[in-house]
Protein chains: 2
Amino acid sequence: MIPTDHPRARSLMTRERLVDGFRRNLVVAEGLIAHGRGEAFDYLLGERTPEPAIKAVRAAAALLLLSKNAVLSVNGNAAALCPKEVVELAGVTGAKIEVNLFYRTDERELAIKAELERHGARQVLGVGERASARIPELSSERRRVDPDGIFAADMVFVPLEDGDRAEALARMGKGVITVDLNPLSRTAKAARITIVDNLVRSMPALVQEARALKGKDATTLQQLVDNFDNDENLAESLAIIRGGAK
Amino acid sequence: MIPTDHPRARSLMTRERLVDGFRRNLVVAEGLIAHGRGEAFDYLLGERTPEPAIKAVRAAAALLLLSKNAVLSVNGNAAALCPKEVVELAGVTGAKIEVNLFYRTDERELAIKAELERHGARQVLGVGERASARIPELSSERRRVDPDGIFAADMVFVPLEDGDRAEALARMGKGVITVDLNPLSRTAKAARITIVDNLVRSMPALVQEARALKGKDATTLQQLVDNFDNDENLAESLAIIRGGAK
């Protein structure tokens, strides 16, 4: 349907991946709109991974490797865009995988679980009856979490997260790592580490970085984390967006 | 589904209008993503109509009133967001209404036509066999236009337009007026007048302004148009987006 001579063909094809995910019941209509928001910030970012994001990816990989009980929280858009990288990241870091949806239906949870399993996931938490614990102070369906997963985790990786939930997780004392193209969002501000970049680019980078850092001693990893200032990093990302990428 | 205590409830409800339009076959999935792009620029704009947009609305209203043969081009998102205002604007300015879709199907054209008629449109051009003329140099389905509508028009109002088509219309010598939240887009640059604002806010403003200017003499209207510099106006809008709206 997309003419190949269209100057924005590449961006339009990426949309098609989301739309395909929508047709396969991984993504909700609202998730398509949320993706569009990300597209615009990515446009302003110049559609490439900026220096602050490279630093954030390194610190995030170190923090995931240091965590005793990390969980990767997966929503529909993440499942449509990078199921393979989610499974790889879990493999390298030893993190668990949990499905957590803002617009929750059993059918969609199962579709996302199946998509992750198709890419090699051995265990997918948070589906159906498993999601019996609750995050306090949240009224959306996203408060329902797996007692063996997010509820017990010390560190939660929540890309493309809703601000309410990111804040609630932080208040529960959990470390939050996120990927968010909007450096002004509440999610970006609530997280310990925010990677301001397109998930499609930052997930492979995160897997690669985790592989590179695996086996380093805890002191080295801890230094990478301690030297990372999220507020400063967000300010740098915002300056790039505001300053005008080409 | 949306908790009323969610801080972004209002923005999420607006999304629901698009999603409702999607369920009623007015909007395509890609249109939802495009809306999300707009949301992000609107976020940076502070989600209010800035001064440059107020000036652009005034000049656009004057230009529509001056045109001998203006056409309002309607796509799925415009039909979902402001069918009433499209019909009102046509009524005040004497412009025709034409459906023109990037992702074209007969079913969707008819659904959009019906939606516009439900809001009082007497004639809707561009549907089915009517769209027999072609805009040169365009390979998307948007090149198919009505010989009695866009093909013959001296002025085309094309909100939420694709860059290719806006440029092709301008090359055909037609005056182009658009509404686009991205002041950097090719559409924004190709148009004679670009209103950098959310369509939901600028359409009612445009109808109101057209009513206020109707009956003014041609010299007064022409001055409003002549004094409007689109490049300058886009630079002002960009400065607001870049400068950081609250």
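Up top is the structure these notes are about.
Presented here is an overview of the structure given in this document. (Residues numbered from 1 in each chain as written. Chains lettered and ligands numbered in written order. Predicted model: local features only at pLDDT ≥ 70, side-chain atom pairs only at ≥ 80, totals over all residues. Heavy atoms only, no water.)

**A closer look at the overall build of chain A**
In plain terms, the rule: Helix and strand definitions here come from DSSP, where helices need a minimum of 4 consecutive H or I residues and strands a minimum of 2 consecutive E residues; each element is numbered from the N-terminal end. For every residue, the accessible area (1.4 Å probe, protein chains only) is compared with the maximum for its type, and the residue is labelled buried under 20%, exposed over 50%, or partly exposed between those bounds. Any two residues whose heavy atoms approach within 4.5 Å at even a single point are treated as in contact.
Counting its secondary structure elements, chain A contains 11 helices and seven strands. Along the first, second and third principal axes, the C-alpha atoms of chain A reach 50 × 45 × 35 Å. A burial count over chain A gives 59% of its 246 residues as buried. Excluding contacts between residues fewer than 6 apart, the proportion of contacts in chain A whose partners are at least 24 apart in sequence is 65%.

**Side note on the nonpolar core**
Keep this limit in mind: Take the buried residues of types Ala, Val, Leu, Ile, Met, Phe, Trp, Tyr and Cys, join any two whose side-chain atoms come within 4.5 Å, and each joined set is a nonpolar core.
Core analysis: the largest hydrophobic core is formed by 109 residues, its most contacted members being Leu-116 of chain A together with Leu-116 of chain B. Examining the composition of this core, we find that 10 residues originate from one element, helix H3 (residues 51–66) of chain A, more than from any other. The contacts of Leu-116 of chain B, once residues within four sequence positions are left out, are Val-74, Pro-83, Val-86, Val-87, Ile-97, Val-99, Ala-121 and Val-124 of chain B.

**Quick notes on the side chain of Asn-198 of chain B**
Residue and element names in this part refer to chain B. Quick note on the threshold: Any pair of N or O atoms that falls within 3.5 Å is considered a polar contact. Within protein, one atom must be able to donate a hydrogen and the other to accept it, and sequence-neighbouring residues count only if both atoms are side-chain atoms.
Relative to the helices and strands, Asn-198 is located in the loop between strand S7 (193–195) and helix H9 (199–213). According to the relative accessible area criterion, Asn-198 is buried, its value standing at 16%. Of note is the side chain of Asn-198, whose polar atom sits 2.9 Å from the side chain of Asp-42. With residues near it in sequence (within four places) discarded, Asn-198 still touches Asp-42 and Leu-181.

**Structural notes on the sheet that holds strand S2 (residues 96–99) of chain B**
All names here are of chain B. Quick note on the threshold: Pairing between two strands requires that DSSP report at least two bridges joining them. To get an axis, fit a line to the C-alpha atoms, keeping to the stretch in contact for a helix; angles then go from 0 to 180 degrees between the N-to-C directions.
Taken in spatial order, the five strands of this open sheet run S2-S1-S5-S6-S7, and their pairing is parallel. The sheet is open, and its two borders are formed by S2 and S7, each paired with just one other strand. Shown here is a sheet whose adjacent strand axes are inclined to one another by a mean of 20°, direction ignored. For strand S1 (residues 70–74) and S2, the ladder comprises four bridges, and the chain directions are parallel. The partner of Ser-73 across the bridge, within S2, is Glu-98. Set on the sheet, helix H5 (residues 83–93) makes contact with S1, S2 and strand S5 (155–157); between it and S1 the angle comes to about 175°. The strands touched by helix H6 (residues 106–118) are S1 and S2; relative to S2, the strand with the most contacts, the crossing angle is about 150°.

**What to know about the packing of helix H11 (residues 230–243) of chain A against helix H11 (residues 230–243) of chain B**
Each pair of packed helices can be summarised by the angle the axes make with each other and by the distance between the axes. For the record, the criterion: These descriptions rest on fixed angle ranges, namely under 35 degrees for roughly parallel, over 145 for roughly antiparallel, 65 to 115 for roughly perpendicular, and the rest for oblique. Residues are grouped as follows: Ala, Val, Leu, Ile, Met, Phe, Trp, Tyr, Cys and Pro are nonpolar; Asp, Glu, Lys and Arg are charged; all remaining types, including Gly, are polar.
Contact pair H11 of chain A / H11 of chain B: the axes reach a minimum separation of 8 Å and the direction vectors enclose 180°. Between H11 of chain A and H11 of chain B, the angle falls in the class roughly antiparallel. In this structure, H11 of chain A uses Ile-241, Arg-242 and Gly-243 of chain A to contact H11 of chain B, whose residues at the interface are Ile-241, Arg-242 and Gly-243 of chain B. The class makeup of the residues in the contact of H11 of chain A with H11 of chain B is two nonpolar, two polar and two charged.

**With respect to the pairing of S1 of chain B**
Residues and elements named next belong to chain B. Of all five residues that make up S1, five are buried, and the element is covered over most of its length. Burial along S1 is two-sided: the residues Ala-70, Leu-72 and Val-74 and Val-71 and Ser-73 are all buried. Pairing of S1 with S5, which is carried by three bridges, proceeds in the parallel orientation. Directly across from Ala-70, in S5, lies its bridge partner Met-155.

**Thoughts on the environment of Pro-83 of chain A**
Residues and elements named next belong to chain A. By secondary structure assignment, the location of Pro-83 is in helix H5 (residues 83–93). Distance in space between the C-alpha atoms of Pro-83 and Met-203 is 9.8 Å, their sequence separation being 120 residues. With residues up to four places along the chain from it excluded, the contact list for Pro-83 reads Ala-78, Glu-115, Leu-116 and His-119.

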